[in-house]
Amino acid sequence: MATLMRILTNVWETHYLVVISIMEYTYARLYDPIGEDYACDMKTVQHEARYLASFVEYLQSRKIFETADIGHHDIQDYVKWLIRRRGQALKKKIKTEAADLDWVDVRIRALQSYHSYNKRVSQQLPIRPLHGHSIFKYLGKRRRRTEENRTPLIPKEVWDPFLCAALDYVEYFADDILSGQSAIEDIRANVLPLARMAKNFSSNNFTARKIKPRLNAITEFSINPNSGIAWRERWVNVDDLRVELFTLYQACLVVVSCLSGIRESELALIQVDGFQEQTDVDGVSKRYTVISRMIKGNIDRQLIWEVNRPVYQACHVIKKMTSYARSHRACNELFIRSWYRGAGEQFQTDLRKDCLGRSTKGSILPLGPDAMSLALKNFGARLDVAIQGTYRLPLVDGEKWNFTMRQPRRTLASRIAREPFGLIAGMLHYKHVKLTTFLGYAGKDPSWIQDLAMEEFSANEEFLGQIWEDIQDGALAGARGHELIHEFKGMAGDIKKNSLQYFIENNRRNLHVGLLNYCLFQRDRALCLTNKKSDLPEKPVINACYPERCANSCISKNHIPIWQAQLNDAQAMLNHKNVSIPQKIALTDDIAKSLHILNQLNGTC
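Residues numbered from 1 in each chain as written. Predicted model: local features only at pLDDT ≥ 70, side-chain atom pairs only at ≥ 80, totals over all residues. Heavy atoms only, no water.

A.B. asks: Help me understand the overall build of the chain in this model?
C.D. replies: Within the chain one finds 22 helices and 8 strands. Split into buried and exposed, the 605 residues of the chain put 48% on the buried side. Look at the contacts in the chain between residues 6 or more apart in sequence, and 68% of them connect residues 24 or more apart. Of the roughly 30,500 Å² of accessible surface on the chain, 51% is carried by carbon and sulfur atoms. (Helix = DSSP H or I, 4+ residues; strand = E, 2+ residues; numbered from the N terminus. Buried < 20%, exposed > 50% of the residue type's maximum accessible area, 1.4 Å probe, protein only. Contact = heavy atoms within 4.5 Å. Areas by Shrake-Rupley, 256 points an atom, 1.4 Å probe, with all protein chains shown as cover.)

In C-alpha cells form, the structure reads like this:
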C-alpha cells in the first residue's frame, strides 16, 4: 500500500477524497472482487492506480473536485487530454498510432473498471466511460493485432464440410456407433469371461464365432442426410467399429471446440458431469451450459459457458462412449485418453489391446492440447474416406489444412461476425446476430467477448465495403439505404476513394448486422427506441426491429435470400384453406412489403 500512496501523492492535496476512493477500489480489487471478477495481484493494482492517478491529474487541470460532477463530455475531453499528453511525452520518438492508442486504452479501461466497483467506493463515477467501449471502437480505429490473433482462421471452404461432418456424426450416426459399442461391451462382460476359461480358447476363433455374427446382425442404420440412404450397410468387424468409435470421439471434440469458444486448456478441465440442460423461464425453451475452470498462475476460478444444443449433445455422447472405460479406472475429466496410453498414441494402434479392442494396461489421463490437435488432424484426414468421401476437405494452396486447437475459437468468432446468414447463425433462431453471439455461444469470459468484438470490428469494415458496392449499383432498400444512394452514388476518382474511407470510418461503430437488414444506428432516428427510457444503452433493441420502416434500416443484396424465403412462406400460408380473413389481410400486407423490398434490391422498382 505504501507504493500506492507514493503513486497518488501528487494529487492528494487537492483531491484527497478521490484518492481515498481509489484506495478503496484497489483494496476491493485485491481482497473483495465483484461478480465474476477474480482477485488481482499487487502489480496489476499498482498499474491501475497509476492509470487512475492520471485521471485525477486531469480533474486537477479542469478544477473538477467531485466525481459526481463528471459527465460524458468530460470523459471525451479526457481522451483528447491523454492523446495530447502522449504526443508531448514522445516528442520526436516515432510510434505507430495503434501503439499510442493502446497507451490511452489501458487508462480508459482502468477507469471503466473503477466504475464497475461503484458499490465498493465512496466517490462513485456516475457514468460508464465511453459506454464501455474501447478507445479503438470509440474512435473507429483498428486495434493492433496481438500474437494470439495471428492464429490463422480455418478457411470457409474447409470449415463448412469439417464442421458439417462432425455435426452429422453427433446428430445422425452416434446412436448406431454407440449401439455397436454396447453390443461389444455386452459380450465383454457376459461372454468373454466364460470363454476364456476354456483350455482351447483362441482370440481369433472367439472373434469369428461370437463377435462378428453379433455385429453383422446389426442391419438398421441411420439415414445420411446428404444422400438420403443409410450411411453404412453393416459392421465388417471389431476394428471397423473401433475406427468409427474414434471418429465419433474426434467429431465430438470438433463440435465442442468449434461451437463453444472454449479454449483448449479449459476444454481439458470440463468434468464428466460438467454440462447441464435447463428449461428456460418460458417453460418451453432449453438452455445448455458447460462448466469448466480457468487455472492461470495463482488464479483458479469456475467458468460457466452458455452453449447450443449440438455442444451439449456432443458432451453427452462423449460421456456415454467413455463410460465403460471409466467403470474400471477413475478419471473425472470429460475428454480422456480412454483406450490407449502414451503421448500422441491415443488414436493409434496399440498392441496391448485385448481381442475386443480395449487396452488392458495403462491408466486413464485427461486429453491434453497436443492430443486434441492430433484428434482434429485425424478427423480431417478421416473425412477423405469416411461416408464414401461425402465430406472430403479441399486442399488449401495445394496442401491439406494443418488443424490446431488454437484455430476453432478465433474461427468461430470470425464466422459469428461475418456470416449472419450462414450455418452458425442458423443454428439458433434469433432475429439478429448479436443475440446469437452472446446468448448462443459464449459465457462471461472477458477474453472471448474481446475476441468477438475485435472480429466484429474487422467484419463491419467488410460489410460496409459490400454496402458501398451496392450503393454504386443503386441496389439498397430501407430508409437509410435510400439516403446512402442519394448521398454517395455516382462519385468517381479520388472523391470516390475519399468518400469510401469517410463512409467506413463514420459508420463502423454504428453498424449492427441483422438477418433482415443492417442497422446504421442513430438513437434519435431509431424506431425501436420510441417511447423507451432515455437511459437505455446506445444500441438498438433487438426484438423491436422494423426493417421496412425504421430510418436506420439499410437492406442490401446480402439479405435477398431471407426476404425471398419470407415471401415464399407468406404466399404458402395465404393459400392454406384454414386462413381467416384477418390473417389473409396481414399476410397480403407482408407479401406486398416483401415484394417491394425485393424489387428495390433487384432494380425492378
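A.B. asks: Before we go on, may I ask you to explain the environment of isoleucine 218 in this structure?
C.D. replies: The residue isoleucine 218 is located in the loop between α9 (203-216) and α10 (238-260) in this model. Considered as a pair, isoleucine 218 and tryptophan 235 are 17 residues apart in the sequence and their alpha carbons are 7.4 Å apart.

A.B. asks: What is the right way to read the environment of aspartate 524 from this model?
C.D. replies: Looking at where aspartate 524 falls in the secondary structure, it is placed in the loop between β7 (518-520) and β8 (553-554). Judged by its relative accessible area of 69%, aspartate 524 is exposed. With 28 residues separating them along the chain, aspartate 524 and asparagine 552 place their C-alpha atoms 9.7 Å apart.

A.B. asks: Where do I start with the pattern of salt bridges in this structure?
C.D. replies: It is possible for side chains of opposite charge to pair when their charged atoms get near one another. Summed over all chains, the structure comprises 21 salt bridges. Salt-bridge contacts for arginine 214 lead to aspartate 186; the nearest nitrogen and oxygen are separated by 3.2 Å. Highlighted residues: arginine 214 in helix α9 and aspartate 186 in helix α7 (residues 156-190), separated in sequence by 28 residues. In this structure, lysine 593 engages glutamate 548 in a salt bridge whose closest nitrogen and oxygen atoms are separated by 3.8 Å. Placement of lysine 593 in helix α22 (residues 581-601) and of glutamate 548 in the loop between β7 and β8 is noted, with a sequence separation of 45 residues between them. According to the relative accessible area criterion, lysine 593 is partly exposed, its value standing at 30%. Each of Arg232, Asp240, Glu244 and Arg382 takes part in one network of salt bridges that share partners. (Salt bridge = Lys/Arg side-chain N within 4 Å of Asp/Glu carboxyl O.)

A.B. asks: Is there a simple way to think about the packing of aromatic side chains in this case?
C.D. replies: Each aromatic ring pair is summarised here by two numbers: the centre-to-centre distance and the angle between the ring planes. Inspection of the entire model under this criterion finds 19 aromatic pairs. When the ring of phenylalanine 55 is compared with that of tyrosine 58, the centres are 6.1 Å apart and the planes differ by 25°; the resulting orientation is stacked. Taken together, the residues span about one helical turn, with phenylalanine 55 and tyrosine 58 both in helix α3 (residues 42-62) at a distance of 3 residues. For the pair phenylalanine 55 and tyrosine 58, one class covers both residues: buried. On the basis of relative accessible area, tyrosine 58 is assigned to the buried category, the value being 1%. Ring pairing ties together the aromatic residues Phe162, Tyr169, Phe173, Phe221, Trp231, Trp235, Phe379 and Phe403, which thus form one cluster. For arginine 107, the ring lying beneath its charged end belongs to tryptophan 103, and the centroid distance is 3.9 Å. (Phe/Tyr/Trp six-rings, centres within 6.5 Å; stacked < 30°, edge-to-face > 60°. Lys NZ or Arg CZ within 6 Å of the ring centre and 35° of its normal.)

A.B. asks: Sorry, what's going on with unusual backbone geometry here?
C.D. replies: Trans is the common state for peptide bonds, and a negative phi is the common state for residues other than glycine. At leucine 130, a position not held by glycine, the phi torsion is positive, near 55°. Within the secondary structure, leucine 130 is located in the loop between α5 (97-116) and α6 (135-139). A positive phi angle, close to 55°, is found at aspartate 397, a residue other than glycine.

A.B. asks: Mind showing me how you'd approach the nonpolar core here?
C.D. replies: Here is a general trend for soluble globular proteins: nonpolar side chains tend to be buried in one another's company. Phe162, Tyr169, Ile177, Leu248, Leu267, Phe335 and Phe379 are the most contacted members of the largest nonpolar core, which has 79 residues in total. For this core, the elements supplying multiple residues, two or more each, are α7, α9, α10, β2 (286-296), β3 (299-307), α12 (309-321), α14 (369-382) and α15 (407-418). With 15 residues, the top contributor of residues to this core is α7. Among residues more than four places away in sequence, those in contact with phenylalanine 162 are Val254, Cys258, Leu376, Phe379, Gly380, Leu383, Leu393 and Phe403. Core analysis: the second largest hydrophobic core is formed by 31 residues, Tyr25, Leu52, Leu125 and Leu130 among them. (Core = buried A, V, L, I, M, F, W, Y, C linked by side-chain atoms within 4.5 Å.)

A.B. asks: Before we go on, may I ask you to explain the confidence of the model for the chain in this structure?
C.D. replies: Per-residue pLDDT for the chain averages 77, and the proportion of residues at 70 or more is 77%. Taken as a whole, residues 339-352 scores under 50 in pLDDT and shows 42 contacts with residues more than four places along the chain or in a different chain. (pLDDT = per-residue confidence, 0-100.)

A.B. asks: Help me out: how do you make sense of the packing of helix α2 (residues 16-31) against α3 in this one?
C.D. replies: Between two packed helices, what matters for the description is the angle formed by their axes and the separation of those axes. It is at 10 Å that the axes of α2 and α3 come closest, and there the two elements cross at 155°. It follows from the interaxial angle that α2 and α3 lie roughly antiparallel. Judged by the sense of rotation from one axis to the other, the crossing of α2 with α3 is right-handed. Residues Val18, Ile22, Tyr25, Thr26, Arg29 and Leu30 of α2 form the contact with α3, whose participating residues are Met42, Val45, Glu48, Ala49, Leu52 and Val56. Of the residues contributing to the contact of α2 with α3, the split by class is 9 nonpolar, 1 polar and 2 charged. (Axes fitted to C-alpha atoms, helices over the stretch in contact; angles between N-to-C directions. Parallel < 35°, antiparallel > 145°, perpendicular 65-115°, else oblique. Left-handed = near helix turned anticlockwise from the far one by under 90°. Nonpolar A, V, L, I, M, F, W, Y, C, P; charged D, E, K, R; others polar.)

A.B. asks: Even after reading the chapter, I still don't get the sheet that holds β7, so can you show me in this structure?
C.D. replies: The strands that make up a sheet are held in pairs by hydrogen bonds between backbone atoms, and each pair lies either parallel or antiparallel. Reading across from one edge, β6-β7-β8 is the order of the 3 strands in this open sheet, with antiparallel pairing throughout. Two strands close off the open sheet at either side, each with one partner strand: β6 (511-513) and β8. In this structure, β6 lies alongside β7, joined through 3 bridges in antiparallel fashion. Residue pairing in the sheet places leucine 511 in a bridge with leucine 520 of β7. (Pairing = 2+ DSSP bridges.)

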